[in-house]
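Given next are the chains, with one letter for each unit.
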Amino acid sequence: MNLIIKSKKIFIPLFFKFTIAIVAIVLTFGTINSYLIYSKVYDFIKLESEKRGVLAAKALIESLSEELLTENYIDVQKSIRNFKKNDSSIEYIFIYIPREDIIIHTFTDGFPKNLIGINSVNSSTDSKFKIFESLEDGKKILDVGTPIENGVFGELHIGINENFAMENVDETINVLWIMVTIFLAVGILGAFLFSIFITKPIIKIQESADAIDLSPDKFYTVPEIKIREKIFGKFKPLFRTEDEIDILCSKFNFMLYRLMNAYATIKAAQDKLLESEKLATIGTMASGIAHEVNNPISGIKYAVKRLLKNPNNIEQNKEYLEMMLEATEKIESVVKNLLNFSRKENFEMCEFDIKEIIKKVEILLAHKLDKGDIELFLNINEKDKIIYGSPSHLQQVLLNLILNAIDAIRTGNNEIKKIVISVTSDENNSRITVEDTGCGIAEKNIKNIFDPFFTTKDVDEGTGLGLSVAWQIINSHNGSLVVESVEGVGSKFIIDLPKKGNQDA
Ligand SMILES: Nc1ncnc2c1ncn2[C@@H]1O[C@H](COP(=O)(O)OP(=O)(O)OP(=O)(O)O)[C@@H](O)[C@H]1O
Ligand SMILES: [Mg+2]
């Protein structure tokens with residue numbers, strides 16, 4: 001019997017599982033870190049920019065207070081331009097004096113009007129901040145608006161390029177992602193090596209398990225499994241320590257050893273059982289033969305005695321001689337069946353048309369079928385009709401099965417009286433079934449029907465050898481003969497025969 005274990009689960013190698021885990025961990029770690037760096041450093045830089053803007057604005061207002069009071073706006077203009085030049089992160093500076101509607105600024109191409117009111121200080125005495133995106137180049141700009149003389153005089157605005165500050169953050173994050181990529185590469189390589197280290201021995205154990213051959217001559221030679229011999233061969237003293245896989249391997253070897261022992265014990269027990277079964281069969285056969293042969297012999301003995309007593313009574317002698325003939329025929333049939341039971345030499349195996357054999361059997365049994373008012377049906381496809389076996393023996397098997405079916409239908413009281421023979425086949429076997437609507441077999445008898453001399457029929461009607469002979473013949477074909485039966489409903493005998501070339505399967 002072949003036990004094929006099929007798993008329905010999807011197979012994902014350990015390497016992929018390790019890799020998925022590592023990629024997930026490293027990517028999560030990288031993303032969380034970049035987010036933290038981005039938000040924390042960005043907040044910090046923003047705060048620093050604000051502080052720097054306020055300090056710069058205050059310093060400028062301080063240094064320009066005189067020029068502003070004397071309305072020397074040309075010098076104010078010069079000073080703020082100089083101030084801007086010294087700090088490359090400053091995008092613009094402008095002073096808005098609402099009461100005179102004057103704007104002093106550092107823009108070379110004219111003042112963009114939309115800047116007025118974008119971060120209005122109004123009446124506030126503290127600086128105000130606003131981040132906006134420049135319309136021209138999309139740069140992020142932090143506008144620091146600071147009131148001059150508590151807002152009475154006007155307001156000074158410094159625009160600080162935020163992108164400039166963010167470049168530092170971006171650089172840090174870039175470095176982090178380079179590190180993440182390196183970690184990923186090292187991690188995947190590690191996963192690869194680790195999985196080889198773990199899976200190679202497991203595959204070896206798996207292959208050894210697959211290779212275990214339970215046939216008697218090979219089973220005892222199951223080799224011990226050795227793992228990691230090659231990897232560690234040279235560096236054994238350095239690396240060869242034990243881990244879980246080594247323990248698994250040695251446990252597996254131990255299991256093999258125990259399996260071998262258990263197998264040997266079972267084999268011995270089975271042989272013993274077979275031996276005792278054989279003895280039991282011989283016993284049953286001997287008593288069966290004695291019974292089957294004794295009855296006609298006593299009949300003959302009785303007839304001979306009568307003949308001797310009255311040798312001149314021709315009429316009576318004829319009757320006794322007929323009785324003797326019947327008894328010898330009975331003995332002859334028992335002997336014939338017995339010979340069939342043990343003889344194998346006449347097996348002439350060939351491929352033949354089973355339909356022809358069934359026809360012959362039908363002709364032989366025609367009168368019995370007619371007498372019992374029984375119909376015989378044949379179910380067979382052209383492609384299934386060629387069977388491999390010994391035609392004469394298989395004819396006898398069919399004859400025995402159909403004879404039994406006829407007897408069963410006669411005993412039973414089913415209105416439908418029919419026997420159906422079906423032949424089917426697959427690539428390895430041919431299957432012949434003989435199904436009847438007879439009395440069926442009592443459950444307690446099913447296990448015995450293939451035993452020699454087991455019969456439920458009267459002494460004159462059956463010897464109990466038909467099915468055992470059939471079983472013996474099918475067995476010699478390396479096939480199988482089984483029965484399915486429901487008492488009162490009918491029986492089905494199933495013969496499976498290997499096709500040509502499939503005899504050892
Ligand atoms: N188709 C069947 N339906 C019901 N019972 C069956 C059928 N075939 C066999 N049996 C039972 O199995 C027993 C054994 O059958 P088997 O053919 O070996 O011997 P037999 O028919 O009794 O005698 P023989 O075939 O030697 O003349 C039968 O006595 C019967 O009880
Ligand atoms: Mg029979």
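Above this text is the structure in question.
## Topic: the nonpolar core
Part 1 of the reasoning: Formed by 49 residues in total, the largest nonpolar core has its most connected members in Ile 419, Ile 432 and Phe 493.
Part 2 of the reasoning: Residue contributions to this core peak at eight residues, all from helix 10 (residues 391-411).
Part 3 of the reasoning: Each of domain 2 (212-342) and domain 3 (350-498) contributes no fewer than three residues to this core.
Part 4 of the reasoning: Filtering out sequence-adjacent residues up to four positions away, Ile 419 remains in contact with Leu 369, Ile 374, Glu 375, Leu 376, Phe 377, Ile 402, Ala 405, Ile 406, Ile 409, Val 434, Glu 435 and Asp 436.
Part 5 of the reasoning: The next biggest cluster of nonpolar side chains, apart from the first, holds 22 residues, and it includes Ile 61, Ile 93, Ile 148 and Ile 160.

## Description of the site of ligand 1
Part 1 of the reasoning: In the vicinity of ligand 1, 20 residues are found, and the nearest of them are Asn 404, Thr 455, Thr 456, Lys 457 and Thr 463.
Part 2 of the reasoning: Thr 456 is positioned with one of its side-chain polar atoms (N or O) 2.4 Å from an oxygen atom of ligand 1.
Part 3 of the reasoning: Sorting the residues of the shell around ligand 1 by element identifies helix 10, helix 12 (466-476) and strand 12 (490-498) as the ones contributing at least two each.
Part 4 of the reasoning: Per-element tally for the shell around ligand 1: the top contributor is helix 10, with three residues.
Part 5 of the reasoning: Taken together, the residues of the shell around ligand 1 sort by class into eight nonpolar, nine polar and three charged.

## Details of the environment of Ile 387
Part 1 of the reasoning: Turning to its location among the elements, Ile 387 is positioned in strand 8 (residues 386-389).
Part 2 of the reasoning: A C-alpha to C-alpha distance of 6.3 Å links Ile 387 and Asp 353, two positions 34 residues apart in sequence.

## Regarding the packing of aromatic side chains
Part 1 of the reasoning: Per the stated rule, a full pass over the model turns up nine aromatic pairs.
Part 2 of the reasoning: Between Phe 94 and Phe 111, the aromatic rings sit 4.8 Å apart at their centres with planes inclined by 65°, giving edge-to-face as the arrangement. Taken together, the residues Phe 94 in strand 1 (residues 90-97) and Phe 111 in the loop between strand 2 (102-105) and strand 3 (128-133) connect sequence positions 17 residues apart. Of the two residues examined, Phe 94 and Phe 111, each falls in the buried class.
Part 3 of the reasoning: An aromatic cluster is built from Tyr 92, Phe 94, Phe 107 and Phe 111, whose rings are joined through pairwise contacts.

## Some words on a negative patch on the surface
Part 1 of the reasoning: Where like charges cluster on the molecular surface, the negative patch consists of Glu 315, Glu 319, Glu 322, Glu 326, Glu 329, Glu 332, Asp 458, Asp 460 and Glu 461.
Part 2 of the reasoning: By secondary structure assignment, the location of Glu 315 is in helix 8 (residues 314-342).

## Points about the side chain of Asp 436
Part 1 of the reasoning: Position of Asp 436 relative to the elements: it lies in strand 10 (residues 429-436).
Part 2 of the reasoning: There is no salt bridge for the buried Asp 436, and the closest opposite charge comes from Lys 457, which lies 9.6 Å off by N-O distance.
Part 3 of the reasoning: If near-sequence neighbours (up to four positions away) are discounted, Asp 436 is found in contact with Ala 405, Ala 408, Ile 409, Lys 418, Ile 419, Val 489, Gly 490 and Ser 491.

## Here we look at the pairing of strand 4 (residues 140-148)
Consecutive side chains of a regular strand alternate in pointing toward one face of the sheet and then the other.
Part 1 of the reasoning: By the criterion of burial, strand 4 is predominantly enclosed, with eight of the nine residues buried.
Part 2 of the reasoning: By the bridge criterion, six bridges tie strand 3 to strand 4 in an arrangement that is antiparallel. If you follow Lys 128 over to strand 4, its bridge partner there is Gly 145.
Part 3 of the reasoning: As defined by bridge partners, strand 4 adjoins strand 5 (residues 154-161) across eight bridges and the pair is classed as antiparallel. Along strand 5, the bridge assignment pairs Thr 146 with Leu 156.
Part 4 of the reasoning: Adjacent in sequence and paired antiparallel, strand 4 and strand 5 are bridged by five residues, among which Glu 149 carries a positive phi angle near 55°.

## A look at the sheet that holds strand 4
Part 1 of the reasoning: As summarised here, the arrangement of the five strands in space is 2-1-5-4-3, forming an open sheet in which the pairing is antiparallel. Strands at the two margins of the open sheet, each flanked by one partner only, are strand 2 and strand 3. Between one strand axis and the next, the sheet turns by 20° as a mean value, whatever way the strands run.
Part 2 of the reasoning: Against the sheet, helix 2 (residues 73-85) engages strand 1 and strand 2, with an angle of about 160° to strand 1.

Criteria and cut-off values
- Residue positions are given per chain, counting from 1 as you read along its sequence in written order.
- The lettering of chains begins at A and the numbering of ligands begins at 1, in the order of writing.
- Per-residue local features of the predicted model are confined to residues with pLDDT of at least 70, and side-chain atom pairs are confined, for both listing and counting, to 80 or more; whole-chain, interface and lining totals are unaffected and use all residues.
- Neither water nor hydrogens contribute to the side-chain values; these are computed over all heavy atoms in the structure.
- Joining through side-chain atoms within 4.5 Å is the link that ties buried Ala, Val, Leu, Ile, Met, Phe, Trp, Tyr and Cys residues into a set, and such a set is a nonpolar core.
- For every residue, the accessible area obtained with a 1.4 Å probe (protein chains only) is divided by the maximum for its type, and the residue is called buried under 20%, exposed over 50%, and partly exposed between those limits.
- By the criteria applied, helices consist of DSSP H or I runs no shorter than four residues and strands consist of E runs no shorter than two, each listed in order from the N terminus.
- The split of the chain into domains comes from an automatic or database domain assignment.
- In what follows, residue pairs with any heavy atoms lying within 4.5 Å of each other are defined as contacts.
- A cutoff of 4 Å decides nearness: a residue is near a molecule or strand if any of its heavy atoms lies inside that distance of it.
- Polar contact is defined as a pair of N or O atoms within 3.5 Å, subject to the rule that within protein one atom must be able to donate a hydrogen and the other to accept it, and that residues adjacent in sequence are counted only when both atoms are side-chain atoms.
- Asp, Glu, Lys and Arg are counted as charged, while Ala, Val, Leu, Ile, Met, Phe, Trp, Tyr, Cys and Pro are counted as nonpolar; the rest, among them Gly, fall into the polar class.
- Aromatic contacts are taken between Phe, Tyr and Trp rings whose centres are within 6.5 Å, Trp giving its six-membered ring; a plane angle under 30 degrees counts as stacked, one over 60 as edge-to-face, and the others as tilted.
- Residues enter patches when their relative accessible area tops 30% and they take part in no salt bridge; the joining distance is 9 Å for like charges and 5 Å for the nonpolar side chains Val, Leu, Ile, Met, Phe, Trp and Tyr.
- Using the Shrake-Rupley algorithm and a 1.4 Å probe, accessible areas are obtained, with residue cover drawn only from the displayed protein chains.
- Salt bridge, as used here: a side-chain nitrogen of Lys or Arg that lies within 4 Å of a carboxyl oxygen of Asp or Glu.
- For the purpose of charge, His is not counted, nor are the chain termini; Lys and Arg are scored as positive and Asp and Glu as negative.
- To locate a charge, the coordinates of NZ of Lys, CZ of Arg, CG of Asp or CD of Glu are taken.
- The pairing criterion for strands is at least two bridges between them, as found by DSSP.
- The axes are straight lines fitted to the C-alpha atoms, using for helices just the contacting stretch, and the angles between their N-to-C directions are given from 0 to 180°.

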